[in-house]
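Understanding the architecture of this molecule
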Amino acid sequence: MQSTFITNITGIRTALLSLMLFCLPAFAGVPTPDIPKGKGDKCVEETDFMRKNHMELILHQRDETVHRGIRTKKHSFKECINCHAVKDDDNVPVDFKNPKHFCNSCHTFAAVKIDCFECHASRPGNDKRGHGKTNDSAMSKH
Amino acid sequence: MAKIHYREIEGNSINYYILLGFFAVIIAIALAATYYMEHNGHHVTGMTNQIVWGVPHVFAVFLIVAASGALNVASIASVFGKTAYKPLAPLSGLVAIALLMGGLSVLVLDLGRPDRLIVAMTNYNFKSIFAWNIFLYNGFLVIVGVYLWMMMEHRMNKYSKAVGFAAFTWRLILTTGTGSIFGFLVARQSYDAAIMAPMFILMSFSFGMAIFILILMGSYAGTGRPLGTAVLSRLKNLLGVFVAAVLLIVAIFHLTNLYATEHHGFEQFILLNGGIYTFLFWGVQILLGSLIPLFLLYSPATRESALWITISCVLVITGGLAQMYGIIIGGQAFPLNMFPGFEVSSSFFDGVVNHYSPSMPEIALGVGGVAIALIMVTIGIKVLRFLPLSLDDAIVDPHYKPATEETAESEATA
Amino acid sequence: MSQTDDHTNNDQVDNGHVNNDHVNNYRRKFLGQLAAVTATGALGSGLVLNNFAQARPADEAVSSNVRYGLLIDTSKCGNGCDACVKACNDENGLQGFDRPETDAQWIRTVKLRDKSTNRTVSLPMMCQHCEFPPCVDVCPTGASFKRADGIVLVDKHLCIGCRYCMMACPYKARSFIHEELTGQVQGIPRGKGTVESCTLCVHRVDKGETPACVEACAKDGHKALIFGDLKDASSEIALRISKEASMQVRGDLKLNPGVRYQGI
Ligand code: SF4
Ligand code: SF4
């Protein structure tokens, strides 16, 4: 809706990325991404389709949610995160800083940088594990 | 009038490279400062949730406003047909483009998300004056570029007047747009005034002219090309008129504000008890930046001297920066009046004069914008024929009484 | 509560199915049956205040038949109480860095003292969700926008961090994020270099709940904040402002804020 131009760029990038993924068998001996499995039997769309198009779906849903308040769960970013959470040894979901994070497992390999998690929580739940203090401390000074 | 010969400067001297290197270092520092600011976030600057626009914006708006004014000389030549200014027109166009680029760079580098510039270029909110300005600035670059081409390409000379007129109109709209960025902020007592736009236009004449004179004198001194007093005295007289005009409109601005009761608080702040802002207004903007240069530009003792003209220009620029600081920062420092008749306090600095202390990275970024403009001019006059070989009186002034010796068309060395 | 719980904490992707109760509830309103019946019922019990019985189906876009707003009765606002501020910070994961000048504040308590009478008033101040929001007018990219239901938001995907909206807002309602953030709450994206402000807890409103500040204020027994649909003549907020005196801050600017105050 808003950002067709950006979507186009992403489109090109996604095409390249999927090309790389589909050519994987050709690179024998090259380390391949180890993509963790999500919860449940299958994803909301076919895996191949998702590999190529997940960004379009997320972008579309993003504008629908932000501007029109549509909050269906099928293509919701939050549900992606919930379903694809990767747990560490202590059974705590890892965040995007961890190379094992679901999105990292592919994006690091394909060297496609994403900035989603500069703002979005990269793991399920109300995450209060940040380094900031609660705001109240700052405000009580005045 | 003698035919004017334009020639690139040679630009091979040590001094030329030292100058380039100097600007390059300043730009490098500015880029490092930007990286530091963007990497850590703006909390390392003096800017806050109260003073949201800081020193970078002072420099950026100053440069953008001056850019429009720097085109004055070309406009006078082509639109008003004053042939004496014609030799200076190409340089005037170049300086205009360079100053605008410098200002815009600062503006962009200060964004919270400069990486999203593409978003700003592809998503326009046509209600936003800011978005219009993006359009106005790009248009300005194109029109002035075409104008330069018309002037510098012989075959195209015949169109230069028409394009010159377009450029003239465009830049007036552009400065109106820049002024309106502030003029439309109804929320703030300091800005909400229609007079902002004409004030910005006059400011642009004055700042642009001061910068133009400095660059002109600098490049002729540096290249050893002759620069006669005829050119200089015309320019400095114009500068004097512009400085006086700004003084006048500033007076009108404050007097009308004093007439409207709701603006008394802000007027008292700027004119009487605003601390640094009061000092900047009376001490720097009015005294140093307006009255003293006016005196220097017209006093018989100093008006002929290149040195005093230089000093006057520097003072006008200093005063201009102080004026911008007063408008941009002073306007934000003064508290918003949300509840008239009440004394207000909160954890978010309601009801208090907001504190601001500019940080080094911000200043470096602002100064970097100036360096970007200057390096563009320095390189520009080397690669293209912007500068007349000579601006000696005999060449420029139609009424000049020919002196005995001929002005030799000596190749200037830089 | 239980309705909404199973809505969010569902581990399985449910392919966009929406809770039927919600849908029916919502559609009933447009069928002409007054949702107010449920609302008044809920108010009586006090505890269910956070449901306002007009949840919109998840697949339906917001509509301009609704305009959300707040009514703030300052006479009920407890002196020194900051329950609403705490609730907001908690709900939206606002963190402080001990830097009051740059830390984000979506809602703040403002203390007023009448200069002529010395009477003091304390009130919460947040984005006023203007009908004619200057922040939206000035935003160059369209990142600041007003939803059809009157909630003013920042689309952080479009925000370039120019802060022009902060210059334009008459209420100092907006904060710029001055540092990298970590540990954001899921569903409340916030990050360095963008501008943000009160969202009227849009994520809760979309589920049919009231904003966190309103809930907290009621829980503390003050009930100084009422949330609701200004366009629904039978809603509590519309009924009250049609009968009682209320005002808009800087009403002279004619921005028609969705937040109204009483007792200033
Ligand atoms: S209160 Fe400020 S931020 Fe909120 S809608 Fe009005 S102008 Fe925009
Ligand atoms: S800071 Fe963001 S939301 Fe505010 S005016 Fe700029 S782009 Fe728009």
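Everything that follows concerns the structure shown earlier in this document.
Fair warning: this is a prediction, and the values are worked out from it, not measured in the lab.

Residue and element names in this part refer to chain B. Along its 27 residues, helix α1 (residues 14-40) runs 39 Å from first to last C-alpha, staying within 8% of the 39 Å computed at 1.5 Å per residue. Within α1, burial applies to Y16, L20, F23, I26, I27, A30, A33, T34, M37 and E38. Packed against the buried residues of α1 are α4 (89-109) and α13 (360-383). Of the residues one or two after α1, G41 is the one with positive phi, at around 95 degrees.

Attention now moves to the interface of chain B and chain C. Counting from both sides, the interface comprises 53 residues of chain B and, opposite them, 53 residues of chain C. The junction of chain B with chain C conceals about 4,700 Å² of combined surface from both sides, 57% of it contributed by carbon and sulfur atoms. When residues of chain B are sorted by the area they lose upon contact with chain C, N49, F342 and F348 of chain B head the list and together hold 15% of the total. Linking chain B with chain C are four salt bridges, by the criterion used here. Linking E343 of chain B and R113 of chain C is a salt bridge whose minimum nitrogen-to-oxygen distance equals 2.7 Å. Of all the secondary structure elements, the ones that give two or more residues to the side of chain B that touches chain C are α1, α5 (117-122), α6 (129-152), α7 (160-183) and β1 (342-346) of chain B. Here the side of chain B that touches chain C takes five residues from β1 of chain B, the largest share from any one element. Grouping the constituent residues of the side of chain B that touches chain C by class yields 23 nonpolar, 22 polar and eight charged. Here five bridges tie β1 of chain B to strand β3 (residues 107-114) of chain C, and the two strands are oriented antiparallel to one another. When the sheet's bridge partners are listed, F342 of chain B is paired in β3 of chain C with D114 of chain C.

Next up on the list: the packing of aromatic side chains. Residue and element names in this part refer to chain A. A complete count under the given rule lists 23 aromatic pairs over all chains for this structure. On the basis of an interplanar angle of 40 degrees and a centroid distance of 4.7 Å, the ring pair of F96 and F117 is categorised as tilted. Of this pair, F96 sits in the loop between α3 (77-83) and α4 (102-110) while F117 sits in the loop between α4 and β1 (133-134), and the two are 21 residues apart along the sequence. For F96, a relative accessible area of 22% gives the class partly exposed.

Thresholds, definitions, all that
Residues numbered from 1 in each chain as written. Chains lettered and ligands numbered in written order. Predicted model: local features only at pLDDT ≥ 70, side-chain atom pairs only at ≥ 80, totals over all residues. Heavy atoms only, no water. Helix = DSSP H or I, 4+ residues; strand = E, 2+ residues; numbered from the N terminus. Expected span 1.5 Å × (residues − 1). Buried < 20%, exposed > 50% of the residue type's maximum accessible area, 1.4 Å probe, protein only. Contact = heavy atoms within 4.5 Å. Buried area = accessible area lost by both parts, 1.4 Å probe. Salt bridge = Lys/Arg side-chain N within 4 Å of Asp/Glu carboxyl O. Nonpolar A, V, L, I, M, F, W, Y, C, P; charged D, E, K, R; others polar. Pairing = 2+ DSSP bridges. Phe/Tyr/Trp six-rings, centres within 6.5 Å; stacked < 30°, edge-to-face > 60°.

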